[in-house]
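If you want the building blocks of each chain, they are given just below.
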Amino acid sequence: MKILVVDDNINDRNLLLELLNADGYEVTSASNGVEALEKIRESKPDLVISDIMMPEMDGFGLCRELKKTVETIKIPVILYSSSFTDREDEKLVMEEGAAAYIRKPFEIKPFLEKIREIITGYKAGKISQPMPGILDEKEYLSLYSRRLMKKLENKVFELENANKKLETALSELETIDRLKDNILANVTHELRTPLTHALGYVELAISETDETKKKEYSRRSRDALLRENEVITHLVEAAYADKGLLKPVFETMNVAQIINETIQALLPKAQAYSILVSCEVKDELFAKGDRNQIKHVLENLLDNAIKFNRKGGKVEISACREDEMVKVCVKDTGIGIPEEKMGKLFDKMYQVDSETTRKFGGIGLGLSIAKNIVEAHEGRIWVESKAGEGSKFYFTMPAQERT
Ligand code: ADP
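Notes on the structure in this doc start here. All figures in this text were calculated on a predicted structure; none of them were measured in a lab. Counting from 1, residues in each chain are numbered in the order their sequence is written. Owing to the predicted nature of the model, reporting of local features is limited to residues with pLDDT of at least 70; listing and counting of side-chain atom pairs is limited to 80 or more, with chain, interface and lining totals taken over all residues.

For two strands to pair, DSSP has to find at least two bridges joining them. By definition, any uninterrupted DSSP run of H or I lasting at least four residues is a helix, any uninterrupted run of E lasting at least two residues is a strand, and each is numbered from the N terminus. Taken together, the four bridges between strand S4 (residues 77-81) and strand S5 (residues 100-103) define a ladder with parallel strand orientation. Pairing of Ile78 across the sheet is with Ala100, part of S5.

Pasting the structure below:
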């Protein structure tokens, strides 16, 4: 049995060739309708299997040509397609006198069965030759062009969608690229600045003979190194958090005590910015958590509340029991956060003002580390803020009854 496979896609064509060969057919192929017509006239196959969308002459055209001529009218034609898949397409295929219409992708076994059924049916005269329903050329052309128009509309729609997706992906890539540049510049800046200060003051201290000045230079150098240490600690912690290594070691903590210790540690900074820090926590409030880690969260929130405040502003830290949890709030009267930026605030290296020349120090890791710590304590961290008015950062941790 001879079959002619017509498809412009070489992969689809080869697959069919191999499948049909393996099933015992003698198979030849063509890559479009014009080439197929020539081969059909030469070798009179028992069946033609053709794709619909092809250059030069498509499957509709090929089928129509075959059904116009006496020598070829009896050759059964199967048309298949992955793009002409509407019911209307199928109708047109059948009205052109095709023996069957198959949607791509198809399942191999039923496909081969269908071929066998058609070939033997035709040979035995069990299946009668369908006659083309549309004989009038005008009617055919109008139906055919409607199908093509529909196909084109679908393609244009698909292309528009793909285009939109590409545009979004491109703009996301550009943002990521910009972010990456900012992050690199920012981390470099934040690591280099304190080091430059420390080195400068050490040089001054070495050549200074006045003991008081020498001490002052040494103190400034130490402060700069502490800042450097803080940046490095943040980077290391972020790497730890990424690997899920921030496992809390739980102990009972007095919440007021831990908050007061944090305030004491940051008091010099608050004074330098003329920020008034106050605390409202009941003495008998206890929580269960990793002392160092919770202190770290508090330090970060308080540091931000001072850093992103205004001169002469206020910070209030409060904590209270809420069911099984302790809820802590760090409230400031600072610059606030625009609503559209709040969703990303706890993302790694996200900074509302991402300019590398920004006046605030930091590399945008504090809140993401804080979130990791709080979540490792099965708590929640969130923010309420109004741009220009100030922010309230909240977090929860498990409460502990006093023992
Ligand atoms: P960093 O302070 O190192 O930039 P964080 O992760 O601690 O990083 O904070 C991320 C960003 O969130 C900050 O850069 C800032 O834009 C914003 N932010 C954090 N806390 C406040 C706050 N209290 N007020 C206004 N903006 C804040």
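Moving on, we get to the pairing of strand S3 (residues 47-51). Here a residue counts as buried when 20 or more other C-beta atoms sit within 10 Å of its C-beta, as exposed when there are 12 or fewer, and as partly exposed otherwise, the C-beta atoms being derived from the backbone. Across the five residues of S3, five count as buried, placing the element largely inside the fold. The two faces of S3 match: Leu47, Ile49 and Asp51 on one face and Val48 and Ser50 on the other face are all buried. Pairing between strand S1 (residues 2-6) and S3: four bridges, direction parallel. Among the inter-strand pairings, Ile3 is bridged to a residue of S3, identified as Leu47. Pairing between S3 and S4: four bridges, direction parallel. For Asp51, the partnering residue across the bridge sits in S4 and is Tyr80.

This next bit is on the sheet that holds strand S11 (residues 381-386). Strands sit in the order S7-S9-S10-S12-S11 across an open sheet of five strands; the sheet is mixed. A strand with exactly one partner marks an edge of an open sheet, and here the two such strands are strand S7 (276-281) and S11. Between one strand axis and the next, the sheet turns by 15° as a mean value, whatever way the strands run. Where strand S9 (residues 314-322) meets strand S10 (residues 325-332), eight bridges bridge the pair, whose relative direction is antiparallel. Within S10, the position partnered with Ala319 by the bridge is Val328. Whether two residues are in contact depends on their C-beta atoms, placed from the backbone: they are in contact if these lie within 7 Å. Interaxial angle, 0 to 180 degrees, is taken between N-to-C directions of lines fitted to C-alpha atoms, where a helix line uses only the stretch in contact. Against the sheet, helix H8 (residues 255-272) engages S7, S9 and S10, with an angle of about 180° to S7.

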